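# Understanding the architecture of this molecule
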Amino acid sequence: MWELLMLLVLSLTYFFWPKLKSSDVKYPQSLPSLPLVGSLPFLPRHGEQHVNFFKLQEKYGPIYSFRLGTKTTVMVGHHQLAKEVLIKKGKEFSGRPQLVTLDILSNNQKGIAFANHRAWQLHRKLVQATFALFKDGSQRLEKTICQEISLMCDSLTTLDGQSINMFDLIFLMMANVICTICFNLSYKLGDPEPEIMQKFTKGILDSLGQETIVNIFPVLKVFPNKTLEKLKKSVNIRNELLIKILEKYKENYTGDSTTSMMDILIQAKTNYANSNSTLLSDEYILATMGDIFGAGVETTTSVILWIIAYLLHHPQLKKRIQEEIDQNVGFSRTPNIRDRNHLLLLEATIREVLRIQPLAPLLIPHQAMVDSSISKFAIDKGTDVIINLWALHHNDKEWAQPDQFIPERFLDPTRSHLINPSLSYLPFGAGPRSCVGEMLARQEMFLTMAWLLQKFDLDVPDDGKLPSLEGSVKVVSLPSAFKVKVQIRQAWKEAHAEGSL
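Figured I'd write up the structure that's included with this text. (Residues numbered from 1 in each chain as written. Predicted model: local features only at pLDDT ≥ 70, side-chain atom pairs only at ≥ 80, totals over all residues. Heavy atoms only, no water.)

### Regarding the packing of aromatic side chains
Note the cut-off: Planes of paired rings set the category: under 30 degrees apart is stacked, over 60 is edge-to-face and the rest tilted, where pairs are Phe, Tyr or Trp rings (Trp by its six-membered ring) whose centres lie within 6.5 Å. Think of it this way: any DSSP run of H or I at least four residues long counts as a helix, any run of E at least two long counts as a strand, and we number them from the N terminus. The classification of residues rests on relative accessible area computed with a 1.4 Å probe and restricted to protein chains. Under 20% of the type maximum is buried, over 50% is exposed, and intermediate values are partly exposed.
Tallied over the full model, the rule gives 10 aromatic pairs. Centroid distance tyrosine 310 to phenylalanine 405: 4.5 Å. Interplanar angle 25°. Geometry classified as stacked. On the criterion of sequence distance, the pair formed by tyrosine 310 in helix α12 (residues 298-313) and phenylalanine 405 in the loop between α15 (389-393) and α16 (438-455) is long-range, its members being 95 residues apart. There is no split in this pair, since tyrosine 310 and phenylalanine 405 are both buried. Ring centres of phenylalanine 410 and tyrosine 425 lie 5.2 Å apart, and the angle between their planes is 55°; this geometry places the pair in the tilted category. A residue pair is termed long-range when its members are at least 10 positions apart, and phenylalanine 410 in the loop between α15 and α16 and tyrosine 425 in the loop between α15 and α16 qualify at 15 residues.

So, in structure tokens, the structure goes:
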């Protein structure tokens, strides 16, 4: 019996002990590692992961590695190294690791966010083709966004003087923009569909935000796991809603025009019937739609709430932005995307929020598709590589007072034009895996805030409670719930009362 036990221990040690590297090849410095568990005992257990990984750079440098079980992960925390991974060698590091939680979310690596190889490339190309529909001279994307912002402003007008949590209204607005792009449909406040979207989005983010050992030891997924069960339930709720929308859309599809993402995907399925029929099955289309919702609704909603939160902490900044809007837009029209060239302080504020509260502090892990390197360090095929965006955006060698909120850092000394004060700024990632919806997100953020600040004062509630600037990271950096007092601006009322509009 003892002999068998010893044999088992030796066997496990052989398979799980880090393999010796060739002495003539230099690898990133590694955290200590033990058999079976890898570097787990040596990783910080308290605090936010991205901050802990940033602190580890003080000891191990801007690139280091650690092991989780048998898997090696390389952490990158400097912009030059990050750009080598994302851009210069973007194809070599364009893979995605296979994790139990991400497999559930992506229906086994389908869609565009977590898929690999042909499936990812094809669906990303089709999603990009969809956004190309909105680049025509009719300014269709801007009109779609502004239509939803206008409806939100109408709702806020009825709440004049009240202190509210703006999450529901902003979430609905963002969901409607995505639904218009994908399906040519939208919803009203109180409709069941947006509530379902909120439910499955929260469930997915809560689940992904929980540390789960099954991603390190996949064999453990056979045992009961509350986190996985919650994730599966949330994904099922998402899929049921999207299937319902998809089936209804296909019933009314005529093929006479191309106006939405569904039109492009259905047409592609017909055009590529022979070579890519499997990659354009309903399962793959469903996964892509799920990715678009995941990347395009909660994320932008969170950024806008972060912007509002920081403005509540900096009322003089808010006042200066409103003065900028009054001078360059006035009250005779609503802001448009061309005003970005004139509303420089607003644009700088948005950029600073994206810096100090990066949407995804740790970018979705990449994986080396081939044996490669980062700087002078060898990276073996199959190694996971994570870009610590928080480290890039909080490096005190790149940013003056990186933990301070200073929008003016994105303006030249005369404040007459925008600048990029550091190369260590990648709010939407870069390269082949960069955020496909960056153009959409930037327009949404600017137009939403310009419209809101033109018409409303957003103030601290009467109880004086300021929003927390800590938030929580569940893949996405989420602000804690807070209330804001919404009041129609006196200048807006006076302009309308004078009949000058």
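### What about the side chain of glutamine 109?
Here is the rule: Distance and chemistry together define a polar contact, namely a pair of N or O atoms within 3.5 Å, with one atom able to donate a hydrogen and the other to accept it when in protein, and with adjacent residues in sequence counting only for side-chain atoms on both sides. Should any heavy atoms of two residues lie within 4.5 Å, those residues are considered in contact.
Here glutamine 109 shows up in the loop between α4 (100-105) and α5 (117-133). In this structure the side chain of glutamine 109 is engaged in a polar contact, spanning 3.5 Å, whose partner is the backbone oxygen of arginine 96. In contact with glutamine 109, not counting residues within four places along its chain, are Arg96, Pro97, Gln98, Asp103, Phe114, Ala115 and Asn116.

### Things to note about the packing of helix α7 (residues 167-183) against helix α11 (residues 282-296)
Relative orientation and spacing of two packed helices are given, respectively, by the angle between their axes and the distance between those axes. To be explicit about the condition: Angles here are taken between N-to-C directions and fall from 0 to 180 degrees, while the axes themselves are lines fitted to C-alpha atoms, restricted in helices to the stretch in contact. When describing relative orientation, an angle under 35 degrees is termed roughly parallel and one over 145 degrees roughly antiparallel, while 65 to 115 degrees is termed roughly perpendicular and anything else oblique. What makes a crossing left-handed is the near helix being turned counterclockwise from the far one by less than a right angle; a clockwise turn instead makes it right-handed. Each residue is assigned to one class: nonpolar for Ala, Val, Leu, Ile, Met, Phe, Trp, Tyr, Cys and Pro, charged for Asp, Glu, Lys and Arg, and polar for all the others, Gly among them.
Taken N-terminus to C-terminus, the directions of α7 and α11 make an angle of 150°; their axes are 10 Å apart at the nearest point. Taken as axis vectors, α7 and α11 run roughly antiparallel relative to one another. Where α7 crosses over α11, the handedness of that crossing is right-handed. Between α7, through Met174, Ile178, Cys179, Cys182 and Phe183, and α11, the contact on the second element is made entirely by Met289, Ile292, Phe293 and Gly296. Among the residues making up the contact of α7 with α11, the classes are represented as 8 nonpolar, 1 polar and no charged.

Purely spatial values, then, with no claim about function.
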